[in-house]
Every structure is written in C-alpha cells, then in structure tokens.
Amino acid sequence: MKLKSVEIEGLFGYRDRVKVSLDSNAIAIIGKNNSGKSHLLSSIRFAIQNANVNGKTGLPDLMAYEGSDAKDEVNLALIFSVERSALIERASSRKSLNQISDALSRDNGEVLFISTIRGDARSKELSIITECVSGISRDGLADPNKILEACADAACSHIQRRALYLPSWRNHAAKVTDAESLHKGLLRLSNPKKADRHLGPIFARIQSLFETLSGLRGAQLVPAGEESEILIRKSSGHMLPLRSLGDGIVHCLALAYELAYDGNRIFLIEEPELGVHPTLQRVFARFVNKERQQGQVIFSTHSSVFLNERNLDAVVRVSLVGGRSVANECSGYTDARTVLDDLGQRASDVLQANVCVWVEGPTDRLLVRHWLDLHQPSLKEGVDYQFVLYGGALVSYLAFGEGESDDLMNALRLSRNAVVIVDRDRATQAEPLKARAERVLREVAEAGGIGWCTSGREIENYIPLECINGTLKALGVRCELDNFGEGDRLSDRMAALEVEDGQIWIRKYLDNKVRMIQKVLTTIEERHLNVLDLKSRIEELAEYIVACNAEG
C-alpha cells in the first residue's frame, strides 16, 4: 500500500489548489515555521481517519482556510494504491460477497483507491477492472454497485489499519514520558507468550537500534513489569532508567519501536529530529532508509540531515507565497539550495567538506573514484568525500600546515580531513621528488591526513597494459602498446602509435585525456587493483574516509 498523491484546497493556509505527487517510499516535507508543512500532514491524517465516512465528514472549522467564504471551496483528495490481495482478504470476509475474491483474483497487482472531500461531504471511489464487475453482474451473483461499495469499504479499513501518524515531540511527550504504551509494548515483545514467539526478532531489532542510537554498546533494554519502567542494563551490569538518557533517546526509541514493530505501513511522522542530536538523526535517517523498502515514510522536518541523497526518494518544499501555502516537488541542485535557504542553512554554517581528496586534474578524479567504487562501493562522492582539483604546479601555492602565509592558501580551512595525491614525475623511485611535492606530502601527513605519491611516474601507470590495449581494440585501433613500464609516460607511448587519420585523437592523448580515460574505466575490474602499490593505497584511502565519516 502506498499514498500516491494528495490534492488540497481551502484547508489551513492552502487557499489555492495544490497537488503533490507522493509516489515514493521516503519523502521529506520541508519548510519554514508556519509555512504549512505540518498542516499538509494533518490534512492527510484527517482524510485517512475519516476514509470510511459517507456523507458529512464533520470537517473541523479550524481546517477551513481563513479567507474562505463558503464550504464548497474545501477540497481534499488522496489517491492510494492498494494491493489486491489486501482487498481480497478483507472484502471477501463478507459472506454474501465471497465472489469478490474471484473477481479481484483475475488480475494481480494494485488498484487505486481515491478518497475525496468536496465541500463538507465525503466520497470514495475504487478503480478496479470493469470487466470483473460486469462479469459478476452477468452471472447474477451480485449487484456491481454492491461489489464496488464492498471493495471501497475494504480499502478504507485496510488504509486505516496500515497507516500510522506519529506526532512531534511536543505532542508525544506526555505519552512517552509516562511510557505506559511503550513500556507495555516492549514488555510484551521481550517476554512473548508461546503464541507470540514470532515477535522475538522484533524486540531484537529494537534492541540493536537502541544500542546504535544511544552509543551504549552492549546495553540492554529491560522493561520492568512491576515498576512500569524501562531500565537499561549497561555492559558493566549497572542498571539505570531510560529517562536518564535524555528526551532525544526516548523519542528515537519510541519512533523506532513503531517502525521496527511493523514496517509495512504508511508512516506520517512530524519532526522526528526534535530533541535529537544530529549524530542520532543520521543514524535514524539510515534506519528509515532501510525500512522504506517495506513501507512508506512521509515526514515533516526542519533538519538538513535528512536531505542526504541516500536517505530520501523525494523532497516536497512548502512555502508561503502571498500569505498562502504552496507545495512543490524539489529536484536538482538548484532546488536543494533553495531548501537549505528555507532551513536557515547558510554556506558559512557548513565550514568543511568531510573529506577532501586533492588531485591534479579530472582524469585523476575519474580513476580514483572508480578504484574506490571497486574496492568499497558504499562510499559515495559528494556524501562521504569530495574531490578538489589543484592543477599541477598550482599545488605549490597550497599549504596543509597550521601556519599562515600571504603566499599560500591554507587547504585545511576547506577541510581538516585531507588527502593529497601527487604524481612522482620521476622515471625511477630513486630520483628525489620536487621540493613542492615533498613539502605538501610532509605537511598533510603531519596534519593527520594522507599524502599519496604515485609509485609509478604518473597516476596512469596504475592502469594495466591489458586495459589500455583492450580499450584500443574496442575503439578499432589495429595496433597496441607492447609494454608500459612504471617510468613511462602514457602520453609518449600513445603519441608513438600508428593510427588512422580518423583516430588521431587517440595519439593526441594529452588533448583528449578525459575522453580516453572514460573508455579505459569500462575495462578496469577489481582484479586490476593489483598493480604496484595501488591496492594498499586504495585500502588506506577507503579506511581513512570511513573513519572520518564515523559517528561520534
């Protein structure tokens, strides 16, 4: 089951009609205070709670847009996709309409359920295959209108049962502080009766998440039966109450309990970051990212942590335009910048990229990124690390030490976690490096970063000869390199090739390095990392990036 879209008009601040696609598994609704993002969630919640109401809905007056003159301006429409199997299970339970099961079983997949409010009236519609309904009617088994009504009622019941609204901390505090609901649930999961043994793994998932969230490795949740209290048994054996860990931990545990207990639902979560440190927000975001494979998570937030590209499928930006709420789907870098502005995130607030990998030029970036992808594909450029191009001799104007100089730019101000990769630029390892390269490598090592001087003459010397020749063959070149040593320049070897006029760009390697390397990358596999010291260097680089991105 999934919420596919919402259309809202004349409710709260949404005076004009707004339709937003929600056909994704993890969606953040982002906006400034009082822009209308929480109202969007509240409208969805109201429609779900009243999905099985016919006729008058009892729409609260406070939901109507304050500038409305008539109730007929109110419009709220939700479209869900519902599994046919769910409708069969619920609709066929009506003894007089068992044939619905046969009708819906004629086609697999999902059907669309449309729940609408027009003015102050409720209507509902189920889109199913017309042939199924008419076929039953011809057989004289049932009135097609009754079939549609039964299926719609089944869809309403299913949606209400599978959708959960989790309010913000300010509303959730009383319930969680008292801990009655959370306590009883954890007590039942931790000590399941014989008929509920299948619930054991759920408690294990909550326990594992709690360890990650709290940072208390080896700590165990202990729901105390008599005291109605949740205790924590530390690895040392000492016991302490959960509430002593702070509201943020309790809040995360409450949210995690609902998600871990049954992830195959629609979760409407209001501001899950309240009271939660950014480190724990990232942990929780990854948990949501994992759980979205089962259900759908839609939440409002002020936090930029959830904008991480690996944690979300979609972002909806809510803003005020002329005093009216407007919702738009965001995509691309420009929209992301606008959202960050809405959240009050200035460029000066984010002082550093987490890891900066300094390389000479674009081909170096392509090669190092590809090698990292082969060795540890979970690391993502732009998220875990970022490349910075220093352009050959321009590295002599960079400083990686603590000293200040008008002549040098301190690269550590961009990121204290620095990796610098320089070409040896010497035919043999016995020849001394250039003074600027020695200085930079020394400074970055003293600053706790990684200074990587290529074992071969240039970074291209890490490319196996078979990959170079395989690329030439794929490009239709009839000749190949007979050897390529660690002291050779690839540009010199390519220039000596006898190629046809139409392939002269291959021989002019220096003018076409990016084009050529992009084709070479398609031939490089993980086994090709065993060249010179490449494998050990990539392992060292990956370990450093992982360590710099590790949670505190």
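Higher on the page you've got the structure.
Rules of the game
Residues numbered from 1 in each chain as written. Predicted model: local features only at pLDDT ≥ 70, side-chain atom pairs only at ≥ 80, totals over all residues. Heavy atoms only, no water. Axes fitted to C-alpha atoms, helices over the stretch in contact; angles between N-to-C directions. Helix = DSSP H or I, 4+ residues; strand = E, 2+ residues; numbered from the N terminus. Parallel < 35°, antiparallel > 145°, perpendicular 65-115°, else oblique. Left-handed = near helix turned anticlockwise from the far one by under 90°. Contact = heavy atoms within 4.5 Å. Nonpolar A, V, L, I, M, F, W, Y, C, P; charged D, E, K, R; others polar. Buried < 20%, exposed > 50% of the residue type's maximum accessible area, 1.4 Å probe, protein only. Polar contact = N/O pair within 3.5 Å; in protein donor to acceptor, adjacent residues only side chain to side chain. Pairing = 2+ DSSP bridges. Expected span 1.5 Å × (residues − 1). Phe/Tyr/Trp six-rings, centres within 6.5 Å; stacked < 30°, edge-to-face > 60°. Lys, Arg positive; Asp, Glu negative; His and termini not counted. Salt bridge = Lys/Arg side-chain N within 4 Å of Asp/Glu carboxyl O.

> Requested: an account of the packing of helix H12 (residues 362–375) against helix H17 (residues 513–521), with residues and values cited.
Axis separation between H12 and H17 bottoms out at 9 Å; the angle between their running directions is 10°. Relative to H17, the element H12 lies roughly parallel. Where H12 crosses over H17, the handedness of that crossing is right-handed. Of the residues in H17, those in contact with Pro362, Thr363, Leu366, Leu367 and His370 of H12 are Lys513, Val514, Ile517, Gln518 and Leu521. Split by residue class, the contact of H12 with H17 holds six nonpolar, three polar and one charged.

> So what's going on with the environment of His39? Which residues, and what values?
Locating His39 in the fold gives a position in helix H1 (residues 37–49). For His39, a relative accessible area of 34% gives the class partly exposed. A sequence separation of 28 residues divides His39 from Leu11, and the C-alpha atoms of the two residues are 8.5 Å apart. Sequence-distant contacts of His39, defined by excluding residues within four places in its chain, comprise Phe12, Gly13 and Tyr14.

> Give a description of the side chain of Glu270 that names residues and reports values.
Assignment of secondary structure puts Glu270 in strand E12 (residues 266–270). Here Glu270 falls in the buried class, since its relative accessible area comes to 5%. Here the side chain of Glu270 touches Ser38 through a polar contact of 3.2 Å, side chain to side chain. Side chain to side chain, Glu270 and Tyr165 meet in a polar contact 2.8 Å long.

> Mind laying out unusual backbone geometry, listing which residues take part and the relevant values?
In this structure, Asn34 takes a positive phi of about 65° despite not being glycine. In this fold, Asn34 is placed in the loop between strand E3 (26–31) and H1. Look at Asn34 and you get exposed, because its relative accessible area is 74%.

> Before we move on, can you summarise the sheet that holds strand E9 (residues 220–224) with the specific residues and values?
The strand order across the open sheet formed by three strands is E9-E10-E11, and the pairing between neighbours is antiparallel. Lying at the two open borders of the sheet, with one neighbouring strand each, are E9 and strand E11 (239–241). Between one strand axis and the next, the sheet turns by 35° as a mean value, whatever way the strands run. Across three bridges, the pairing between strand E10 (residues 229–233) and E11 is antiparallel. Across the sheet, Ile232 pairs through a bridge with Leu240, a residue of E11.

> Quick rundown of H12? Include the residues and the values.
For H12, spanning 14 residues, the distance from its first C-alpha to its last is 20 Å, which sits close to the expected 20 Å at 1.5 Å a residue. Three or more residues of H12 are buried, namely Thr363, Asp364, Leu366, Leu367, Val368, His370, Trp371 and Leu372. Its buried side turned inward, H12 meets strand E16 (356–359), strand E17 (386–389), strand E20 (418–422), H17 and helix H18 (534–548).

> Quick rundown of the packing of aromatic side chains? Include the residues and the values.
Scanning the model with the defined rule gives three aromatic pairs in all. Ring geometry for Trp371 and Tyr462: centres 5.8 Å apart, planes at 85°, overall edge-to-face. Placement of Trp371 in helix H12 and of Tyr462 in the loop between strand E21 (450–453) and helix H14 (465–474) is noted, with a sequence separation of 91 residues between them. Grouping residues by exposure puts Trp371 and Tyr462 together as buried. These aromatic residues form a ring-pair network of at least three members: Trp371, Trp452 and Tyr462.

> If you had to explain the side chain of Glu273 to someone new, which residues and values would you point to?
By the secondary structure assignment, Glu273 is in the loop between E12 and helix H10 (278–291). Summary of buried charges: Glu273 has no salt-bridge partner, and the nearest side chain of opposite charge, Lys37, is 7.3 Å away. Those residues in contact with Glu273 that sit more than four places away from it in its chain are Gln281, Ser300, Thr301, His302, Ser303 and Phe306.

> Go over the pairing of strand E15 (residues 324–330), please, and point to the residues and values.
Bridge count for strand E14 (residues 314–321) against E15 is seven bridges, and the pairing is antiparallel. What sits directly across from Val316, in E15, is Glu329. Hairpin connection of E14 to E15: two residues between the antiparallel strands, including Gly322 at a positive phi of 60°.

> Outline the pairing of E10, supporting the account with residue identities and numerical values.
Across five bridges, the pairing between E9 and E10 is antiparallel. Counterpart to Ala224 in the pairing with E10 is Glu229. Hairpin connection between E10 and E11: a loop of five residues separates the two successive antiparallel strands, and Gly237 in this loop has a positive phi of roughly 100°.

> So what's going on with the sheet that holds E16? Which residues, and what values?
Read from one edge to the other, the open sheet built from four strands follows the order E17-E16-E20-E21, with strand pairing classed as parallel. Strand pairing shows two members of the sheet lacking a second neighbour, E17 and E21, which therefore form its edges. In this sheet, adjacent strand axes meet at a mean angle of 20° when their direction is disregarded. The sheet contact formed by E16 and E20 spans three bridges and is parallel. In the sheet register, Trp358 faces E20, and the bridge partner there is Val420. In the packing of H18 onto the sheet, contacts are made with E16, E20 and E21, and the angle to E21 comes to roughly 160°.

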